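Fold and geometry: a report
Okay, here's what each chain looks like letter by letter:
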Amino acid sequence: MSQTKKQSFTEALSNTAVGFIISYISTFLIFPLVGLNTSPGTNLVIVIYFTAVSILRGYVLRRWFNKKATKPRAERVTYPDGSDYKLQCFECEIDMPVKKIENNYFCSNCGLRH
């Protein structure tokens, strides 16, 4: 079962909220180790920026994987002798081989549904 866009966003936001707290605390430990002297306000701005990037990254990746996992594959439609089944495509204006996705036929060139 795939997630809705809202569920994907909520999951990414929840995951990132925990990361926000850990990141903010970590800035006080890591920055001095690498020689950066920053204020709590500067640390907060840095963490907010990377949190926004993280939310966007998580959302986009989740949507991409959901789309990739649920997208039906097109199958080539042929006659019993193996030759391509063709229909007149109104967009291409010629007989074109068709592809089938879930009982729907599409032009293999322009994608118009027949």
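This text gives an overview of the structure that appears in the document. (Residues numbered from 1 in each chain as written. Predicted model: local features only at pLDDT ≥ 70, side-chain atom pairs only at ≥ 80, totals over all residues. Heavy atoms only, no water.)

1. Quick look at the overall build of the chain
- The helix and strand inventory of the chain stands at two helices and four strands.
- The linear arrangement of helices and strands in the chain, starting from the amino end, is α-α-β-β-β-β.
- Referenced to the eigenvectors of the C-alpha coordinate spread, the extents of the chain come out at roughly 75 × 25 × 25 Å.
- Split into buried and exposed, the 114 residues of the chain put 14% on the buried side.
- Counted over contacts in the chain with a minimum sequence separation of 6, partners at least 24 positions apart contribute 38%.
- Accessible surface, the chain: about 8,900 Å² in total, of which carbon and sulfur atoms supply 61%.
- Counting 14 positive and 8 negative side-chain charges, the chain places the centres of these two groups 14 Å from one another. (Helix = DSSP H or I, 4+ residues; strand = E, 2+ residues; numbered from the N terminus. Buried < 20%, exposed > 50% of the residue type's maximum accessible area, 1.4 Å probe, protein only. Contact = heavy atoms within 4.5 Å. Areas by Shrake-Rupley, 256 points an atom, 1.4 Å probe, with all protein chains shown as cover. Lys, Arg positive; Asp, Glu negative; His and termini not counted. Charge placed at Lys NZ, Arg CZ, Asp CG, Glu CD.)

2. Some thoughts on a nonpolar patch on the surface
- A contiguous nonpolar patch, built from I21, I25, L29, I30, L33, V34 and L36 and spanning about 740 Å² of accessible area, is present on the exposed surface.
- Within the element layout of this structure, L36 appears in the loop between α1 (5-33) and α2 (40-70).
- Among the residues examined, L36 registers a relative accessible area of 43% and is labelled partly exposed. (Patch = residues over 30% accessible without salt bridge, like charges linked within 9 Å, V, L, I, M, F, W, Y side chains within 5 Å. Salt bridge = Lys/Arg side-chain N within 4 Å of Asp/Glu carboxyl O.)

3. Re the pairing of strand β3 (residues 94-101)
- The pairing of strand β1 (residues 75-76) with β3 spans two bridges and is antiparallel. Its bridge partner being in β3, R76 is matched across the sheet by K99.
- Bridge count for strand β2 (residues 86-89) against β3 is four bridges, and the pairing is antiparallel. Of the residues in β3, the one forming a bridge with K86 is P97.
- Taken together, β2 and the strand that follows it, β3, pair antiparallel across an intervening segment of four residues, in which E93 is found at a positive phi of about 65°.
- Taken together, the four bridges between β3 and strand β4 (residues 104-107) define a ladder with antiparallel strand orientation. Across the sheet, residue K99 finds its bridge partner in β4, namely F106.
- Between β3 and β4, which pair antiparallel in sequence order, lie two residues; one of them, E102, sits at a positive phi of approximately 50°. (Pairing = 2+ DSSP bridges.)

4. Some words on α1
- With 29 residues, α1 ought to run about 42 Å at 1.5 Å a step, and its terminal C-alpha atoms sit 40 Å apart, in line with that.
- Along α1, the helix axis deviates most sharply at T27, where the bend reaches about 40°.
- When α1 is considered as a whole, its buried residues turn out to be S8, A12, T16, T27 and F31.
- Two residues or fewer after α1 comes G35, characterised by a positive phi angle close to 85°. (Expected span 1.5 Å × (residues − 1). Bend = angle between axes of the 7 residues up to and from the residue.)

Note that all results are geometric; they support no functional claim without further evidence.
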